[in-house]
Amino acid sequence: MDASEVQAAIDKGSLQAIFQDSPGRVQQPVVQCVQIKPMSQSNGEATERYRVVFSDTQNYVQTMLATSINDEIHQDRLKKGAVVQLVSYQANLVKGKRILIVTGIHVLQQYGVHPTLGSPVVMEIKDEGATNTISSNGFYGNQPQQQQAQQQQTRAMPSHSKPPSSSAHANIYPIEALSPYSHKWTIKARCTSKSDIKTWHNRNGEGKLFSVNLLDESGEIRATGFNDQCDQLYELFQEGSAYYISSPCRVQMAKKQFSNVNNDYELTFERDTIVEKAEQQDDVPQIRFNFTTISDLESIDKDTTIDVIGILKDVGEVNQITSKTTSKPYDKRELTLVDDSGYSVRLTVWGKVASSFEVAPETVVAFKGVKVSDFGGRSLSLLSSGSMATNPDLPESHRLRGWYDHAGQGQNFSTHANVQGTVMAGERRNEQVKSISAVKEEQLGMTEQQDFFNLKASIQYIKQDNFCYPACREEKCNKKLVELGDGWRCERCDKTFDAPEYRYIMSVNVSDHSGQLWLSCFDEVGRNLMGMTANELMAIKEEGDDKRVSDIFSDANCTTWNWRCVAKMETFQDNTRVRYQVRSSSGIDFVSEGQTMIALIKQYDNIAM
């Protein structure tokens, strides 16, 4: 397209109009991209950020792109010279600098790419003392003098007090734009999740905290209040409501181990942080989900945080367990979810969610922030920072409701719980079985990340010395006991037992056609290989029947198994090596193996033809 035609399509003067909030201005102007530069990343920041200069042929302005737009650059759609429509944005004038934070664009590829059109110049700043904010939806604008005076009065009020007017807010920032370098900002965000108050006691003292997840159009962020801020703000925040939150409020690198929010930063409320419930609630989005189907869980790594939606098939009773670290009791309840992928999964909820759970079976339930575990194959656990919604008004919910009412009620579902069958077969279908030489050549486990892999290999030798250890008999403790004169003592549980519960801890040498490998196996796998419990095998050994013990180990040799393993680096006494640990094992399924061989033969036949 001719350059003059493209220039005519650009909204001349639209950038100046945005910052002046001119009546009748174009709400979604067409501009040209004249420069793209990556921003330097803070230490520990994982997400790329870009600074882009846009021109309306009369003026140009520097902008910062939301990371959700990065794909437009990666796919080479947004580039220097391209014509773009600004769909959503926030415009700020801070310390004499005009900054446009762009959260949504549409690249008009039909106009092609052109050199800089017109003769754009930097905009003149008429009032360097102003700090104005204008958005693409026109909700925020320049403040009348009366409102500015009200805000100055608000700043002088005690911390967390409600301001005199909810409309008097300068510098509305999108969450996406917050960083440790942001100053004098206000966000408007919806509280999508609020934790219970948690307390701690250690040698440095004691305290309490709570956290909320906050959402706006640009993204999410986690915010935490400690001690006094916990007392003052906890009752103010209600899940589902929108709030104005104004600095001073510390922005820092996120502690990912405590959060399921996709943001490199998190907030900490301070003494003078101002939080106000917004009168206008409708212009802030509701909770967002990124669902994983239940059948896809077998391809999701352990400890990954996901969202899931399904039909509540079964609700278990409330049980109580005791924390190993704090010795405090916790309520837990196990749920069973199914979906139209034909799979079911066990999901555990904890604490107040477990004790007060009143959702009826056959209800559609969406969970945000559940952790994937490989316990029993694949299972899920709702994190304390997660949330739950029943019968949400979402397309996925309506689809599941229709499927279950018409076909799903009488359907049989596969599970990820049977490690010996379904899960292993499922994983092997989706992950190639490796040879031992490939495991070594690919240097699995040689990085900081642990690597999962599958083997089909035969047992050559099992070390018979120290094949088990005396474990605590308390459920889920498994700590090694110390033998005393009058019994066996567990230091963790502070209890003494007349006898231990022996558990396998075995070193197994396996081989295939390409080489051999030492694997570490624990109790569940050991029972599978030996055909008996460690207690039973230890009883035979203590009876002095060494020949029978030797025969039992010999019978396990030369048997072939499918092994699900993890390789990871371990350091012991300044020596670093790769350890291969078995997560599960299963015998050979000859039907499945035969079908695999038939498929391979057909591939060779096709090549030969």
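Residues numbered from 1 in each chain as written. Predicted model: local features only at pLDDT ≥ 70, side-chain atom pairs only at ≥ 80, totals over all residues. Heavy atoms only, no water.

## Observations concerning the overall build of the chain
Helix and strand content of the chain: 13 helices and 31 strands. Sorting the 609 residues of the chain into buried and exposed places 47% on the buried side. Within the chain, residue pairs in contact and separated by at least 24 positions form 64% of the contacts whose partners lie at least 6 positions apart. For the chain, the exposed area adds up to about 31,800 Å²; of that, 46% sits on carbon and sulfur atoms. (Helix = DSSP H or I, 4+ residues; strand = E, 2+ residues; numbered from the N terminus. Buried < 20%, exposed > 50% of the residue type's maximum accessible area, 1.4 Å probe, protein only. Contact = heavy atoms within 4.5 Å. Areas by Shrake-Rupley, 256 points an atom, 1.4 Å probe, with all protein chains shown as cover.)

## A word on the side chain of E266
Relative to the elements of secondary structure, E266 occurs in strand β14 (residues 265–269). With near-sequence residues (within four places) excluded, E266 lies in contact with I221, R222, R250, V251, Q252, M253, A254 and K255.

## Looking at the sheet that holds strand β25 (residues 482–484)
Pairing in this open sheet of three strands is antiparallel, and the strands run β25-β26-β27 from one edge to the other. The open sheet terminates on both sides in strands that have one partner only, identified here as β25 and β27 (495–497). Strand-to-strand twist across the sheet, computed as the mean angle between neighbouring axes with direction ignored, equals 35 degrees. Across three bridges, the pairing between strand β26 (residues 487–490) and β27 is antiparallel. Note on β27: the bridge partner recorded for C490 is K495. (Pairing = 2+ DSSP bridges. Axes fitted to C-alpha atoms, helices over the stretch in contact; angles between N-to-C directions.)

## Structural notes on unusual backbone geometry
Note that the residue after S247, namely P248, is joined by a cis bond; omega there is 15 degrees. By the secondary structure assignment, P248 is in the loop between β12 (242–246) and β13 (249–253). Positive phi, close to 50 degrees, is recorded for N227, a residue that is not glycine. Checked against the element boundaries, N227 lands in the loop between β11 (220–226) and α5 (228–233). A positive phi is found at E362, a non-glycine position, where the angle reads about 75 degrees. As for its placement among the helices and strands, E362 is situated in the loop between α6 (351–355) and β19 (364–373).

## Things to note about the packing of aromatic side chains
Following the criterion strictly, the structure yields 13 aromatic pairs and no others. With a centroid separation of 5.5 Å and an interplanar angle of 70 degrees, the aromatic rings of F467 and F553 are classed as edge-to-face. Of this pair, F467 sits in the loop between β23 (451–462) and β24 (468–471) while F553 sits in helix α12 (residues 546–556), placing them 86 residues apart in sequence. As far as burial versus exposure is concerned, F467 and F553 are alike and both buried. One aromatic cluster is present, built from ring pairs that chain together F210, Y234, F237, Y243 and F269. Across the ring face of Y234, the terminal group of K194 is positioned such that the distance to the ring centre comes to 4.0 Å. It is K463 that lies over the ring of W518; its NZ or CZ is 5.0 Å from the centre. (Phe/Tyr/Trp six-rings, centres within 6.5 Å; stacked < 30°, edge-to-face > 60°. Lys NZ or Arg CZ within 6 Å of the ring centre and 35° of its normal.)

## Structural notes on the side chain of T192
Secondary-structure assignment places T192 in strand β8 (residues 186–194). Given a relative accessible area of 9%, T192 falls into the buried group. Once residues within four sequence positions are removed from consideration, T192 is found in contact with N213, L215, E220, E239, I287 and S387.

## Digging into helix α11 (residues 534–542)
Buried residues of α11: A534, L537, M538 and I540, and no others. Buried positions in α11, seen along its axis, are confined to an arc of 155 degrees and lie on one side of it. Against β24, β28 (501–512), α10 (523–530) and α12 lie the buried residues of α11. Following α11 by one or two positions, G544 has its phi on the positive side, about 85 degrees. (Arc of directions from axis to C-beta.)

## With respect to a negative patch on the surface
Taken together, the side chains of E542, E543, D545 and D546 present a region of like negative charge at the surface. Note that D545 resides in the loop between α11 and α12. (Patch = residues over 30% accessible without salt bridge, like charges linked within 9 Å, V, L, I, M, F, W, Y side chains within 5 Å. Salt bridge = Lys/Arg side-chain N within 4 Å of Asp/Glu carboxyl O. Lys, Arg positive; Asp, Glu negative; His and termini not counted. Charge placed at Lys NZ, Arg CZ, Asp CG, Glu CD.)

## Comments concerning the state of the cysteines
As enumerated under the stated definition, the model contains zero disulfides in all. Considering cysteine sulfurs only, C477 is the nearest to C472, which forms no disulfide, with 3.7 Å between them. (Disulfide = S-S within 2.5 Å.)

## Quick word on the pairing of strand β17 (residues 329–338)
As paired strands, strand β16 (residues 305–322) and β17 are joined by nine bridges and run antiparallel to one another. Across the sheet, V315 pairs through a bridge with L335, a residue of β17. When β17 meets strand β18 (residues 343–350), the two strands line up antiparallel, connected through seven bridges. The partner of L335 across the bridge, within β18, is L347. Adjacent in sequence and paired antiparallel, β17 and β18 are bridged by four residues, among which G342 carries a positive phi angle near 90 degrees.

## What about the nonpolar core?
V510, M530 and W563 are the most contacted members of the largest nonpolar core, which totals 43 residues. Ignoring sequence-local partners within four residues, the contact set of V510 consists of I436, A457, S458, I459, Q460, G515, Q516, L517, L519 and W563. By size, the runner-up hydrophobic cluster in this structure holds 28 residues, among which are F210, C230, L233 and Y243. (Core = buried A, V, L, I, M, F, W, Y, C linked by side-chain atoms within 4.5 Å.)

## Here's the deal with α12
Along α12, the residues classified as buried are V549, I552, F553 and A556. Along α12, the residues classed as buried sweep out an arc of 95 degrees about the axis, all on the same side. Exposed residues on α12 whose side chains face more than 90 degrees from its buried face are K547 and D555. Elements in contact with the buried residues of α12: β23, β28, α10 and α11. Two residues or fewer after α12 comes C558, characterised by a positive phi angle close to 65 degrees.

## A look at the pattern of salt bridges
Per the stated rule, a full pass over the model turns up 21 salt bridges. The salt bridge partner of E334 is K332, with a shortest N-O separation of 3.6 Å. For E334, a relative accessible area of 34% corresponds to the partly exposed category. Note on K332: relative accessible area 11%, which makes it buried.

## A closer look at the confidence of the model for the chain
The predicted model of the chain has a mean per-residue pLDDT of 80, with 83% of residues at 70 or higher. Confidence, read as mean pLDDT per element, is least for helix α8 (residues 419–430) in the chain (34) and greatest for β28 (94). Below a pLDDT of 50 lies the segment residues 127–159, which in the model reaches 81 contacts outside its immediate sequence neighbourhood of four places, other chains included. A low-confidence stretch, residues 418–430 (pLDDT under 50), is modelled with 31 contacts involving residues beyond four sequence positions or located in other chains. (pLDDT = per-residue confidence, 0-100.)

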